[in-house]
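Descriptive analysis of the structure
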Amino acid sequence: MAHIVIIGAGTGGMPCAYEMKEELGKAHQVTVINSNDYFQFTPSNPWVAVGWRDRKTITFPIKPYLDRKGINFIHGTVTEIDANGNSLKIDNGETVDYDYLVIVTGPRLAFEEIEGSGPDHHTHSICTIDHAEKAYEAYKQVLDNPGPIVIGAMPFASCFGPAYEFAFIVDADLRKRKLRDKFPMTFVTSEPYIGHLGLGGVGDSKSMLESELRNHHINWITNAKTTKVEDGKMYVDELDASGEVIKQHEIEFKFNMMLPAFKGVDAVANVEGLCNPRGFVMVDEFHRNPTYKNIYSAGVCIAIPPVEATPVPTGTPKTGYMIESMVTSIVHNIADELQGKEPSTGATWNAICLADMGDTGAAFVAIPQIPPRNVAWFKKGKWVHMAKIAFEKYFMRKMKKGTSEPLYEKYILKMMGISKLGD
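One numbering rule holds for all chains: residues counted from 1, following each sequence as written. Reporting of local features is limited, given that this is a predicted model, to residues whose pLDDT is at least 70; pairs of side-chain atoms are given and counted only at 80 or more, and all residues count toward the totals for whole chains, interfaces and linings. In computing side-chain properties, one takes all heavy atoms of the structure into account and sets aside hydrogens as well as water.

1. Considerations on the pairing of strand E17 (residues 255-259)
Along any regular strand the residues' side chains alternate between the sheet's two faces. For each residue, the accessible area found with a 1.4 Å probe, counting protein chains only, is set against the maximum for its type, and the residue is called buried under 20%, exposed over 50%, and partly exposed in between. In this text, helices come from DSSP runs of H or I with a minimum length of four residues, and strands from runs of E with a minimum of two, each type numbered from the N-terminal end. With 5 of 5 residues buried, E17 lies mostly within the body of the structure. By the alternation rule, side chains of E17 split into Phe255, Met257 and Leu259 and Asn256 and Met258, which are all buried. Pairing between two strands is assigned when DSSP locates at least 2 bridges connecting them. Note that strand E11 (residues 149-153) and E17 share 5 bridges and pair parallel. By the bridge assignment, Ile149 is partnered in E17 with Phe255.

Listed below in structure tokens is the structure:
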């Protein structure tokens, strides 16, 4: 009997566990280790930060649902990986041996890279439910004390969609409260232009998102290298195409949300030969690490090169559909290895995204994610807003049920009127 250990129980780890157990059955053991004892649907965090959702709506306890499927669960944080000895140390003192290891931890939020940033200092985040709740408490206070709002992304950020989402959601919430006129808003992003998204743009994303920002009276600064944040003030160097500083901004704010840079979590980054310099796991076309052949990885924690060089460093996003495809690849390849075969299943690195904009939304498809592309599709409409609300409920229901279905492919592509990505 082989023991497959999965580190992480997010939107990659939970589907991975369900699919792995269904594929391998009772002949092999599957264990999930996660630092939280609850699952959180991260895409809903922007709504939490304005009070449109709460913790109860977008989380559920992990153990009861994994138990039903015969999957072991350990609530703890992995502190050390002995990749040569095939074992893990956990902060509760436990040691866990594995035959195959799947790393789907998500990122470490590198607030320390910008002085004064992070929820413990002077910027808010929506990367976790805890951070989103803290942002909401600050947001409620500023409603009675109006002033400038700054939203955006720091250097080395790699997931820009939530920043755009949150800017438009805050705009929509303030309009509903009839307070929008009291809050000047500025979007500050490391992207070289609006709508770059870490993808070199998708279709008409540049012109469409610029138009939306103008229509919602949101100013912007691109090629923005945030250097320091103080209480109520953000320091930003604006660069030109050659990376030279053309203007220095001191932006005052009463409320802000800045997506941080991502790095690999410490226990993973500390394994020699496993990761790139920023701690992201290096994988081959089968999502297997080239150095340690029994270690696989998927999601935000893997190393993917930037789509292009930019004046301010930007990472490449990993969307839900991509992560789902990566997980399926890993499951089939481990199953093949257990049967004495060589891995043969690759993931489909195509990007699809539904971005809520408060009372409308934008959707994009990039096939493949890294250009040149066969398909570059970007559309806007109220249907996207409704589709994301519906998908949240659908995904949470399916996770509680323990399904191994390809949820993004089954649901979102149908909403977009696409039969299958890659056709």
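Moving on from the model shown.
2. Things to note about helix H10 (residues 382-401)
To estimate how far a helix should extend, the number of its residues minus one is multiplied by 1.5 Å. Here H10 spans 29 Å end to end across 20 residues, near enough to the 28 Å set by a 1.5 Å rise per residue. For H10, the set of buried residues is Val384, His385, Ala387, Lys388, Phe391, Glu392, Tyr394, Phe395, Met396, Lys398 and Met399. Once H10 finishes, Gly402 follows within two positions and takes phi at roughly 85°, a positive value.

3. Side note on the packing of aromatic side chains
Note on aromatic pairs: the rings of Phe, Tyr and Trp (six-membered ring only in Trp) are paired at centre separations within 6.5 Å, and the planes decide the class, stacked below 30 degrees, edge-to-face beyond 60, tilted for the rest. According to the stated counting rule, one finds 11 aromatic pairs in the structure shown. For the ring pair Phe391 and Tyr394, a centre distance of 6.1 Å and an interplane angle of 40° mean the geometry is tilted. With Phe391 and Tyr394 both in helix H10 and 3 residues apart, this pair spans about one turn of that helix. Ring pairing ties together the aromatic residues Phe39, Phe41, Phe60, Tyr65, Phe391, Tyr394 and Phe395, which thus form one cluster. Definition used: whenever NZ (Lys) or CZ (Arg) falls within 6 Å of the ring centre and also within 35 degrees of the ring normal, the charge is taken to sit over that ring. Positioned above the aromatic ring of Tyr235, the side-chain terminus of Lys228 is 4.8 Å from the ring centre. A cation sits over an aromatic face here: Arg278 above Phe156, 4.1 Å from the ring centre.

4. Some details on the sheet that holds strand E22 (residues 375-380)
The 3 strands are arranged E20-E21-E22 in an open sheet whose pairing can be described as antiparallel. Unpaired on one side and paired on the other, strand E20 (351-356) and E22 mark the two borders of the sheet. The mean angle between the axes of side-by-side strands here comes to 5°, regardless of whether they run parallel or antiparallel. Sheet topology note: the strand E21 (residues 361-367)/E22 ladder contains 6 bridges and is antiparallel. The residue bridging Ala366 from the neighbouring strand is Ala376, located in E22. A contact between two residues is defined here by any heavy atoms of the two lying within 4.5 Å. The axes used here are C-alpha line fits, helices contributing only the stretch in contact, and every angle between their N-to-C directions lies in the interval 0 to 180 degrees. Strand contacts of H10: E20, E21 and E22, with the helix running at about 100° to E20, the strand carrying the most contacts.

5. A closer look at the nonpolar core
Joining through side-chain atoms within 4.5 Å is the link that ties buried Ala, Val, Leu, Ile, Met, Phe, Trp, Tyr and Cys residues into a set, and such a set is a nonpolar core. Ranked by size, the top nonpolar core spans 123 residues in total, and within it Met20 and Ile81 carry the most contacts. In terms of residue count, helix H9 (residues 320-338) provides more of this core than any other element does, 9 residues in total. Ile81 has contacts with Ile7, Ser87, Leu88, Tyr98, Leu101, Ile103, Ala267, Val268 and Val271, leaving out every residue within four places of it along the chain. By size, the runner-up hydrophobic cluster in this structure holds 12 residues, among which are Ile221, Val229, Ile251 and Met258.

6. Some thoughts on the pattern of salt bridges
Any carboxyl oxygen of Asp or Glu that lies within 4 Å of a side-chain nitrogen of Lys or Arg is treated as forming a salt bridge with it. If you walk through the whole model with that rule in mind, you get 22 salt bridges. Its salt-bridge partner being Arg55, residue Asp130 comes within 2.4 Å of it at the nearest N-O pair. Residue Asp130 is located in helix H5 (residues 129-143), and its partner Arg55 is located in helix H3 (residues 55-58); the two are separated by 75 residues in the primary sequence. Note on Asp130: relative accessible area 41%, which makes it partly exposed. Look at Arg55 and you get partly exposed, because its relative accessible area is 26%. Of the charged contacts, one joins Lys140 and Glu137 as a salt bridge, the two residues approaching to 3.1 Å between their closest N and O atoms. Of this pair, Lys140 and Glu137 both sit in helix H5, 3 residues apart, which is roughly one turn of that helix.

7. Some thoughts on the environment of Asp120
Mapped onto the fold, Asp120 is located in the loop between strand E10 (108-109) and H5. Note on Asp120: relative accessible area 70%, which makes it exposed. Considering only alpha carbons, one finds Asp120 and Tyr18, 102 residues apart in sequence, at a separation of 35 Å.

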